[in-house]
Amino acid sequence: MIVCIAEKPSVARDIADVLGAKDRRDGYIEGNGYQVTWTFGHLCTLKEPHEYTPNWKSWSLGSLPMIPPRFGIKLISNPTYEKQFHTIEALMQKADMIINCGDAGQEGELIQRWVMQKAGARCPVKRLWISSLTEEAIREGFAKLKDASDFQPLYEAGLSRAIGDWLLGMNATRLYTMKYGQNKQVLSIGRVQTPTLALIVNRQLEIQNFVPKQYWELKTVYRDTTFAAIIRKSEEELILEAEKNKEAIAAGKKPKKEEENRGIDPITSQEQGMALLEQIRNSPFTITDVTKKEGKEAPLRLFDLTSLQVECNKKFAYSADETLKLIQSLYEKKVATYPRVDTTFLSDDIYPKCPGILKGLRDYETFTKPLEGTTLLKSKKVFDNSKVTDHHAIIPTGQHPQNLTDMERRVFDLIARRFIAVFYPDCKFATTTVLGVVEEIEFKTTGKQILEPGWRVIFGTPGAQSQEEKEIGEEENVLPVFVKGESGPHLPDLYEKWTQPPRPYTEATLLRAMETAGKLVDNDELRDALKENGIGRPSTRAAIIETLFKRNYIRKEKKNLIATPTGVELIQIIHEELLKSAELTGIWEKKLREIEKKTYNAAQFLEELKQMVSEVVMSVLSDNTNRHITIEKAVQEASANDKKQDGKAAAKEKDASKPKRQSKPRKKVTEAKTDAPEAMGNAPEAKSETPLANTSQTQAVEGQTCPLCGKGTIIKGKTAYGCSEWRNGCTFRKPFES
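A quick note: this is a predicted structure, and the numbers were derived from the prediction, not measured. (Residues numbered from 1 in each chain as written. Predicted model: local features only at pLDDT ≥ 70, side-chain atom pairs only at ≥ 80, totals over all residues. Heavy atoms only, no water.)

Colleague: Is there a simple way to explain the sheet that holds strand 1 (residues 2-6) in this structure?
Modeller: If you trace the seven strands from one edge of the open sheet to the other, you get 2-3-4-1-7-8-9, paired in mixed fashion. Two strands close off the open sheet at either side, each with one partner strand: strand 2 (23-25) and strand 9 (146-147). Taken together, the five bridges between strand 1 and strand 4 (residues 34-38) define a ladder with parallel strand orientation. Directly across from C4, in strand 4, lies its bridge partner V36. Sitting on the sheet, helix 1 (residues 9-19) touches strand 1, strand 2, strand 3 (28-31), strand 4 and strand 7 (97-101), and the angle it makes with strand 4 is about 165 degrees. (Pairing = 2+ DSSP bridges. Helix = DSSP H or I, 4+ residues; strand = E, 2+ residues; numbered from the N terminus. Contact = heavy atoms within 4.5 Å. Axes fitted to C-alpha atoms, helices over the stretch in contact; angles between N-to-C directions.)

Colleague: Is there a simple way to explain unusual backbone geometry in this structure?
Modeller: Excluding glycine, residues mostly carry a negative phi; peptide bonds, for their part, are mostly trans. For the peptide bond that leads from L64 to P65, omega is -5 degrees, which places it in the cis range. With respect to the helices and strands, P65 occurs in the loop between strand 5 (44-46) and strand 6 (73-75). Positive phi values are uncommon outside glycine, yet K334 reaches one of about 70 degrees. For K334, the position within the fold is in the loop between helix 10 (320-332) and helix 11 (354-360).

Colleague: Looking at this model, I keep getting lost on the environment of G72. Mind explaining?
Modeller: If you trace the backbone, G72 turns up in the loop between strand 5 and strand 6. A C-alpha to C-alpha distance of 5.8 Å links G72 and K47, two positions 25 residues apart in sequence. Setting aside residues up to four positions removed in sequence, G72 forms contacts with T45, L46, K47 and Y52.

Colleague: Where do I start with the packing of aromatic side chains in this structure?
Modeller: Two descriptors summarise a pair of aromatic rings, namely the distance from one centre to the other and the angle between the planes of the rings. Tallying each qualifying case throughout the model produces 21 aromatic pairs. Here Y222 and F482 contribute two aromatic rings whose centre-to-centre distance is 6.1 Å and whose plane-to-plane angle is 25 degrees, an arrangement assigned as stacked. Placement of Y222 in strand 10 (residues 214-222) and of F482 in the loop between helix 14 (467-472) and strand 15 (487-488) is noted, with a sequence separation of 260 residues between them. For the pair Y222 and F482, one class covers both residues: buried. Relative to F285, the ring of F227 lies with its centre 4.8 Å away and its plane at 55 degrees, an arrangement referred to as tilted. Here the residue F227 occupies a position in strand 11 (residues 225-229), and F285 occupies one in strand 12 (residues 285-297), the gap between them amounting to 58 residues. The buried category is assigned to F227, whose relative accessible area is 0%. The ring of Y495 carries the charged tip of K219 above its face, separated from the ring centre by 5.7 Å. Against the face of Y351 rests K378, its NZ or CZ located 5.2 Å from the ring centre. (Phe/Tyr/Trp six-rings, centres within 6.5 Å; stacked < 30°, edge-to-face > 60°. Buried < 20%, exposed > 50% of the residue type's maximum accessible area, 1.4 Å probe, protein only. Lys NZ or Arg CZ within 6 Å of the ring centre and 35° of its normal.)

Colleague: For this particular structure, what's the right way to read the environment of V613?
Modeller: Position of V613 relative to the elements: it lies in helix 21 (residues 602-621). Put simply, V613 and I67 are 546 residues apart on the chain and 9.0 Å apart in space, counted from C-alpha to C-alpha. Non-local contacts of V613, meaning those with residues more than four positions away in its chain, are made with P65, L167, L168 and N171.

Colleague: I keep staring at the pairing of strand 20 (residues 720-723) and nothing clicks. Help me out?
Modeller: For a regular strand, the rule is simple: side chains alternate between the two faces of the sheet. Side chains A720 and G722 project from strand 20 onto one buried face, and the interleaved Y721 and C723 project onto a second face that is buried too. Direction of pairing for strand 19 (residues 714-716) relative to strand 20: antiparallel, over a ladder of three bridges. Residue pairing across strands places K716 opposite Y721, the latter belonging to strand 20. Note that strand 20 and strand 21 (residues 733-735) share three bridges and pair antiparallel. Looking across to strand 21, one finds that A720 is bridged to P735.

Colleague: Would you explain the pattern of salt bridges in this entry?
Modeller: Across all of its chains, the model carries 34 salt bridges by this definition. Its salt-bridge partner being R113, residue E109 comes within 2.9 Å of it at the nearest N-O pair. With a gap of four residues between them, E109 and R113 both fall in helix 3 (residues 106-119), about one helical turn apart. A single burial state applies to E109 and to R113, both of which are buried. A salt bridge links D413 to R417, with the shortest nitrogen-to-oxygen separation between them at 3.0 Å. Residue D413 and its partner R417 are both found in helix 13 (residues 406-421); the two are separated by four residues, about one turn of the helix. (Salt bridge = Lys/Arg side-chain N within 4 Å of Asp/Glu carboxyl O.)

Colleague: Just checking my understanding: could you explain the nonpolar core for this structure?
Modeller: Soluble, globular proteins show a tendency: their nonpolar side chains are buried together. Ranked by internal contacts, the top residues of the largest apolar core, which has 156 residues, are I15, Y176 and F419. Examining the composition of this core, we find that 12 residues originate from one element, helix 5 (residues 152-180), more than from any other. When residues no more than four places from it in sequence are discounted, the contact partners of F419 are L302, L346, C354, I357, L358, L361, I395 and P396. By size, the runner-up hydrophobic cluster in this structure holds 19 residues, among which are Y222, F227, V434 and L479. (Core = buried A, V, L, I, M, F, W, Y, C linked by side-chain atoms within 4.5 Å.)

Colleague: Would you mind going over the sheet that holds strand 11 with me for this structure?
Modeller: Note: strands within a sheet are paired through backbone hydrogen bonds, in either parallel or antiparallel orientation. The seven strands lie next to each other as 15-12-13-14-11-10-16, forming an open sheet whose pairing is antiparallel. Where the open sheet ends on each side, the last strands, each with one partner, are strand 15 and strand 16 (491-498). Sheet topology places strand 12 next to strand 15; two bridges connect them, and they run antiparallel. If you follow F285 over to strand 15, its bridge partner there is G488. Across the sheet, helix 8 (residues 270-281) lies against strand 10, strand 13 (427-438), strand 14 (441-452) and strand 16, angled at about 165 degrees from strand 16, the strand it touches most.

Colleague: Before we go on, may I ask you to explain the packing of helix 10 against helix 17 (residues 538-550) in this structure?
Modeller: For any two helices packed against each other, one specifies the crossing angle of their axes together with the interaxial distance. Two numbers describe how helix 10 lies on helix 17: the axes approach to 8 Å, and their chain directions differ by 140 degrees. The orientation of helix 10 relative to helix 17 falls into the category oblique. When you trace helix 10 past helix 17, the crossing you get is left-handed. Between helix 10 and helix 17, the residues in contact are A320, D321 and L324 and S539, A542, I545 and E546, respectively. Considered class by class, the residues forming the contact of helix 10 with helix 17 number four nonpolar, one polar and two charged. (Parallel < 35°, antiparallel > 145°, perpendicular 65-115°, else oblique. Left-handed = near helix turned anticlockwise from the far one by under 90°. Nonpolar A, V, L, I, M, F, W, Y, C, P; charged D, E, K, R; others polar.)

Colleague: Looking at this model, I keep getting lost on the packing of helix 6 (residues 193-208) against helix 17. Mind explaining?
Modeller: Two numbers describe how helix 6 lies on helix 17: the axes approach to 10 Å, and their chain directions differ by 70 degrees. If you check the angle between helix 6 and helix 17, you find them roughly perpendicular. Between helix 6 and helix 17, the residues in contact are Q193, T196, L197 and I200 and I544, T547 and L548, respectively. By residue class, the composition of the contact of helix 6 with helix 17 is four nonpolar, three polar and no charged.

Colleague: Any chance you could explain the confidence of the model for the chain here in plain terms?
Modeller: The predicted coordinates ought not to be read in detail in places where the model reports low pLDDT. In the predicted model, the chain carries a mean pLDDT of 85, and the fraction of residues at 70 or more is 83%. Contacts from residues 469-474, a stretch scored under 50 in pLDDT, to residues over four places away or in other chains number 13 contacts. Across residues 633-700, where pLDDT falls below 50, the model places 130 contacts with residues more than four positions away in sequence or in other chains. (pLDDT = per-residue confidence, 0-100.)

Colleague: Honestly, the pairing of strand 18 (residues 560-563) in this entry has me stumped. Any pointers?
Modeller: Both strand 17 (residues 554-557) and strand 18 contribute to a ladder of four bridges, which runs antiparallel. Each bridged residue has a counterpart across the sheet, and for I554 the counterpart in strand 18 is A563.

Colleague: For this particular structure, what's the right way to read the side chain of D103?
Modeller: Of note, D103 is situated in the loop between strand 7 and helix 3. Nearest to the buried, unbridged D103 among oppositely charged side chains is R340, at 4.1 Å. If sequence neighbours within four positions are ignored, D103 has contacts with E7, G108, E109, R127, Y331, Y338 and R340. (Lys, Arg positive; Asp, Glu negative; His and termini not counted.)

Colleague: Is there a simple way to think about helix 1 in this case?
Modeller: Since the α-helix advances by 3.6 residues per turn, residues separated by three or four positions end up pointing in the same direction. Along helix 1, the residues classified as buried are V11, A12, D14, I15, A16, V18 and L19. On its buried face, helix 1 sits against strand 1, strand 3, strand 4, strand 7 and helix 4 (135-143). Phi turns positive one or two residues past the end of helix 1, at G20, with a value near 85 degrees.

Take a look at the structure:
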């Protein structure tokens, strides 16, 4: 008998239908020589610290670092999971062959490998590797089953990630909680979670410490067209430009052509501006140059998971987590391909299937009809085998979407339009640059005109227009016809301006920052080059952001992500760059990707990680300052699932928070798994008792050492106590008690 194991019951039913297995049993479907069973996401997880040695049950600095000689797995304690596992175990013991039909990705591989290991499977194993759940894709996958050994590096990368998250999360969480926490609050530290929080906190501090500078712009209106005075670039701008050119060369892209640094100095005072205004007010404006260049814009790239999450956040304000759930649902409804991907390209073998997929998009016949009977465009910007590893970009499957929710329909619409657009011609446009001069002061204006819309017709209506497409078209304006040498009267004016601080992160901009390890990159090619060093995986970034919300380290103001006082203090108290640097975490991520590609050794990676954990422990233990985190407003936002699983614990917490009953917090504290969504998948969270810290109990007395920075002393202000080191960035503040 051949046993097929899928990741969830719905996928198992789809596979069973294709294989002709019709008889439903308890925990599996049987027939035609197959037994098709399923997991519920993760059935197994890594063991807890106390399951290696009883000494690790209680939290103490003396037991750190906790590094098991050999990591083990266990069955997740859940009656439903346990019953299903025993069904799987019985089937596997008698199987002639096992076909791993798990999700075709790193986490999916890990889920099923752990189950097979725990069940003691000994027979040959094959792998079903498909990019969609349509009947055609499943049949094709079973006709081309792969050997399980081909995916050993994928499993090793997933296992290394899970162990790495355990090592850093368990040790650092206990370390920082015991060393810097107060009132038994748990300070959750994670390999990806903490650098992500650091990005938000650093941006927030940058905004808070930003000092706006006043400047003026000199503009003039000639023939109903506004011209701006050309401003000479500062040294800082020139250095920044040179760095961007270096990055472009490193990514194999053509650097920007160097231009002469011409124009007037920046106008930094009103007197300077008024003098220039008077200088040009009564002199004629003369056109010195008119340049018209024609160019092309290629269609927008197809979606990978991150770009889809970014677009949905910009356009519909969907969170990264919501978008992931929606695209997962579209995948399971067989209308979209596998979603957890980090490429925007298709492999060449998809090209012959494209006419059929387009034909299936019946709701888009207005756009697909002109493509019928023609040879579809095959651009290297779309079809490139070298840019596709396990899966291609997210595209429609060609099945007609039915019974979609409004939110699902919106996401499907984005995917469908992007897919159709790549077979349309480039958009042709003309850019006109006009230069003028008054009294040796040069002015400039630019205009843009669409000559042939090409692919832009797909996004013609404002509702359908892509956010990126809108951004491309922002500078569009058609200029009147100017002739070199013409001259005439003009209306100059001076405009007061202020420099602006950087914007707070939204989920969209944070996802992009995680993808490029914190570097701000607008160019797609440069973004591709930096993806290797991104923090987190496309499939885990949404969960990381949700974890920060859950831990009450960040909150949302409209679309903006704002770090809470606890989040800010946590990052400020961490001095170890290894824990909070996006760039350094990106290097670890790159090594995990290299393990997957067989270019880096998993054992070496784990040895380096163990060494790093040991160094962090030594560094923190040698900190003799009196620093503590004093602010904590923990709000347990339990999901429906958490409520079911942790009902009793939640009830206890609720009772404990009632003002009538004042019970002491329990001494025992069990850490939640930090940062392991990739390794732990759908496993229920380890229960975490996070007592609420009461800031009013923290006695702030003048002259005492600051509990946050450990350097300054507490001073008394008008409305609150503060720290004498506030000028150097210490944010300790405690309002006077009424």
